[in-house]
Amino acid sequence: MDLDAVRTFVAIVDAGRFQDAATELSITQQAVSKRIAALERAVGVRLFARTPRGAEPTVDGRAFLPHARELLRAEARAYASVRPGHRALRVDVIGRGLAPAALLRDFHRAHPETELDVVTLFDADAAVDAIRSGTVDASFRAVTGTGRRLPGDIEVSRAFDEPVQLLTGPGHVCAAARTLTPADLVGHRIWMPGLVAGTEWAAYYDALAAAFGLTIESSGPDFGVEPLLDTIAGSRSLATLVGEQTRLVWPAGHDLRRIGIRSPTPVYPHSLVSHRDNHHPGLAALRDHLDSIRPDPSDGGIWTPAWA
């Protein structure tokens with residue numbers, strides 16, 4: 001159905017005259033008449049009756065009117081769903097309990113006018129594909145030099161560095177420490193069953209282990225966060241590494257300890273990945289927000305992989 005003809009039909013009903021509708025639509029009266037004639041042929045009935053006062057909808061015209069108005073509202077919703085600044089800003093995060101999701105919550109509190117749609121994709125390759133296809137506007141990822149070469153239409157900017165902490169149970173030999181150095185972790189078993197070969201997070205922890213001679217194990221099935229915390233809580237030898245802003249909740253009896261690592265502080269390099277041609281105003285606001293919250297470097301220096 002020709003929506004311009006439907007729009008013309010509604011304009012005539014509201015104005016009461018073909019000429020007044022033509023003026024409102026900035027077209028000629030002849031164009032108005034042609035649109036209505038075509039619409040009447042399409043629906044198979046007369047929609048207007050000529051009167052001394054102008055034009056009045058017929059019985060069929062009155063029946064058609066609410067549906068015509070809904071067609072125009074649907075058209076407006078369809079345009080708004082894809083028009084930058086009117087549709088939600090769609091952002092991919094690696095996990096809803098991790099730092100990028102927390103950062104987006106802070107951004108939304110600071111910019112409630114920006115509607116957000118938060119999704120989770122598996123890895124950087126999936127995120128880049130989604131950005132190029134227009135499925136998402138942006139993604140928070142650690143962009144590695146060991147992965148595929150990024151297409152030229154993809155833009156990457158360093159978003160923020162998240163310090164990494166050691167998580168232990170109360171019986172672990174390091175549990176009483178206030179802070180540790182990477183050298184202090186040598187010889188201790190660090191268990192991270194969620195590492196998946198080929199992903200950006202596996203590349204990061206492989207580089208961390210190689211840089212400081214750490215033992216990071218990923219063997220065994222990954223049953224999720226809660227079973228991992230149960231195991232760490234009851235172990236005197238196993239610990240794991242977590243991001244400083246990773247949201248973790250455990251039973252009070254676990255008495256887990258989050259211990260900062262210093263001199264240097266290993267940081268996970270989150271970057272904002274987007275398409276160079278994406279001009280969504282919410283994306284610009286998100287970049288400005290990231291610039292405003294960029295933390296100062298750690299006093300003891302930081303460590304990131306060479307590819308970061």
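Just above, that's the structure.
No experiment lies behind these values; they were computed from the predicted model shown.

1. Digging into the packing of helix α2 (residues 18-25) against helix α3 (residues 29-43)
The interhelical angle for the contact between α2 and α3, taken along N-to-C directions, is 105 degrees, at an axis separation of 8 Å. Taken together, the axes of α2 and α3 lie roughly perpendicular to each other. Contact residues: Phe 18, Gln 19, Ala 22 and Leu 25 in α2; Gln 29, Val 32, Ser 33, Arg 35 and Ile 36 in α3. In terms of residue class, the contact of α2 with α3 is made up of five nonpolar, three polar and one charged.

2. Side note on the packing of aromatic side chains
Counted according to the given criterion, the structure contains nine aromatic pairs. Here Phe 122 and Trp 201 contribute two aromatic rings whose centre-to-centre distance is 5.6 Å and whose plane-to-plane angle is 80 degrees, an arrangement assigned as edge-to-face. Of this pair, Phe 122 sits in the loop between β4 (116-119) and α6 (124-133) while Trp 201 sits in helix α7 (residues 200-212); the two residues are 79 residues apart in sequence, bridging distant segments of the chain. For the ring pair Tyr 204 and Tyr 205, a centre distance of 4.9 Å and an interplane angle of 90 degrees mean the geometry is edge-to-face. An identical accessibility class is assigned to Tyr 204 and Tyr 205; each is buried. Between Arg 50 and the ring centre of Phe 18, over which it is positioned, the NZ or CZ distance is 4.1 Å.

3. Some details on α3
Helix length check: α3, at 15 residues, gives a terminal C-alpha distance of 21 Å against a target of 21 Å (1.5 Å per residue), a fit within 8%. Of all the residues in α3, the buried ones are Val 32, Ile 36, Leu 39 and Glu 40. For α3, the angular spread of the buried residues around the axis is 100 degrees, confining them to a single face. Opposite the packed face of α3, turned more than 90 degrees from it, sit the exposed residues Gln 30, Lys 34, Arg 41 and Ala 42.

Cut-offs used in this document
Each chain has its residues counted from 1, running along the sequence as written. The predicted nature of this model means local features are confined to residues of pLDDT at least 70 and side-chain atom pairs, given and counted, to a pLDDT of 80 or more, with totals for whole chains, interfaces and linings taken over all residues. The side-chain quantities take in all heavy atoms of the structure and omit both hydrogens and water. Axes, fitted as lines to C-alpha atoms, cover a helix only where it is in contact. Angles between the N-to-C directions of the axes lie from 0 to 180 degrees. Secondary structure elements follow DSSP: runs of H or I of four or more residues count as helices, runs of E of two or more count as strands, with numbering from the N terminus. Note that the term roughly parallel is reserved for angles under 35 degrees, roughly antiparallel for angles over 145, roughly perpendicular for angles of 65 to 115, and oblique for everything else. The criterion used for residue contact is that any of the two residues' heavy atoms lie within 4.5 Å. We call Asp, Glu, Lys and Arg charged. Ala, Val, Leu, Ile, Met, Phe, Trp, Tyr, Cys and Pro are nonpolar, and the rest, Gly among them, are polar. When the centres of two rings from Phe, Tyr and Trp lie within 6.5 Å, Trp using its six-membered ring, the rings pair. Their planes under 30 degrees apart give stacked, over 60 give edge-to-face, and anything left gives tilted. Note on classification: 1.4 Å probe, protein chains only; a residue is buried when its accessible area is under 20% of the maximum for its type, exposed when over 50%, partly exposed between these limits. Cation placement over rings: the criterion is NZ of Lys or CZ of Arg within 6 Å of the ring centroid and within 35° of the ring normal. How far a helix is expected to stretch is found by multiplying one less than its residue total by 1.5 Å. The arc in question is traced by the directions running from the helix axis to the C-beta atoms.

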